[in-house]
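# Chains, contacts and geometry: an overview
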Amino acid sequence: MTDPAPTTPDSATTPDSPASPGTTTPRAAGPDGGTEALQTALAAEHAAVFVYGALGAQASRSAQPALFGRLTAAYRLHRTRRDELVAMIRDAGAEPVAAEPGYQLPRDLGTAAALEARARRLEQDAARTYAWVVASTTGEPRAWAVEALLDAAVRGLGFGAKPQSLPGLQAP
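Residues numbered from 1 in each chain as written. Predicted model: local features only at pLDDT ≥ 70, side-chain atom pairs only at ≥ 80, totals over all residues. Heavy atoms only, no water.

Glancing now at the confidence of the model for the chain. In this model, the chain carries an average pLDDT of 83, and 80% of its residues clear a pLDDT of 70 or more. With pLDDT under 50 throughout, residues 1-31 is counted as low confidence; its partners more than four residues away or in other chains account for 107 contacts. (pLDDT = per-residue confidence, 0-100. Contact = heavy atoms within 4.5 Å.)

On to the layout of surface pockets. Of the volumes computed, that of the largest pocket is approximately 250 Å³. Taken together, 18 residues make up the lining of the largest pocket; nearest its centre are Gln124, Lys162, Gln164, Pro167 and Gly168. Put simply, the parts of the chain that give the lining of the largest pocket at least two residues each are α3 (112-136) and α4 (139-158). For the lining of the largest pocket, the element with the most residues is α4, which contributes five residues. (1 Å grid on protein atoms, 1.4 Å probe; cavity = no way out; pocket = protein on both sides within 12 Å on 5 of 7 lines; lining within 4 Å. Points joined across faces, edges and corners; volume = space filled by probe spheres on them. Helix = DSSP H or I, 4+ residues; strand = E, 2+ residues; numbered from the N terminus.)

Before going further, it helps to spend a moment on the packing of α3 against α4. It is at 8 Å that the axes of α3 and α4 come closest, and there the two elements cross at 160 degrees. One way to sum up the angle between α3 and α4 is to call them roughly antiparallel. Judged by the twist between their axes, the crossing of α3 over α4 is left-handed. Facing α3, whose interface residues are Arg120, Glu123, Ala126, Ala127, Tyr130, Ala131, Val133, Val134 and Ala135, α4 presents Arg142, Trp144, Ala145, Val146, Ala148, Leu149, Ala152, Arg155 and Gly156. In the contact of α3 with α4, the residues fall into 13 nonpolar, one polar and four charged. (Axes fitted to C-alpha atoms, helices over the stretch in contact; angles between N-to-C directions. Parallel < 35°, antiparallel > 145°, perpendicular 65-115°, else oblique. Left-handed = near helix turned anticlockwise from the far one by under 90°. Nonpolar A, V, L, I, M, F, W, Y, C, P; charged D, E, K, R; others polar.)

Attention shifts here to the pattern of salt bridges. Across all of its chains, the model carries eight salt bridges by this definition. Its salt-bridge partner being Glu84, residue Arg81 comes within 3.3 Å of it at the nearest N-O pair. Of the two residues, Arg81 and Glu84 both sit in helix α2 (residues 65-91), three residues apart, roughly one turn of that helix. Judged by its relative accessible area of 0%, Arg81 is buried. Counted as one network, the salt bridges with shared partners bring together Arg81, Glu84, Glu147 and Asp151. (Salt bridge = Lys/Arg side-chain N within 4 Å of Asp/Glu carboxyl O. Buried < 20%, exposed > 50% of the residue type's maximum accessible area, 1.4 Å probe, protein only.)

Next up on the list: the packing of aromatic side chains. Following the criterion strictly, the structure yields three aromatic pairs and no others. Between Arg81 and the ring centre of Trp144, over which it is positioned, the NZ or CZ distance is 4.8 Å. (Phe/Tyr/Trp six-rings, centres within 6.5 Å; stacked < 30°, edge-to-face > 60°. Lys NZ or Arg CZ within 6 Å of the ring centre and 35° of its normal.)

Right under this line is the structure:
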């Protein structure tokens, strides 16, 4: 099993964010079209889908309905982002990176606080990944990545993250 945090050129990151209803999947632009960045984001989304599936399995729908609902919504949104990235990468003429066979999970996911902490980290990692995609793309892929970055930042707040002036960027 591998760690669910794929690496960008500058930092270790994990996935992020969902598509809003009614959005369309943009095509990658330019000679590379930011394909390397999109592939990194896809690897992160593969990890997020896996980890959110595990987190959701640890939450109680009856004892923790709000947490269960947030985890389920995040799982669905990351799955949608993953599928959109696959389409963008294929449209750019590249083969999307495959998911790893498994990802390493934290040992202690037995409390609501532990589940929220891991979900918060996933969203913070996703925001960093999408900030890199924003910096590495242009046109429609960049606009799509900005939306994904904002989604990750807002979802992270729901899991207890502190608001940031520039989500996805590390503080000086």
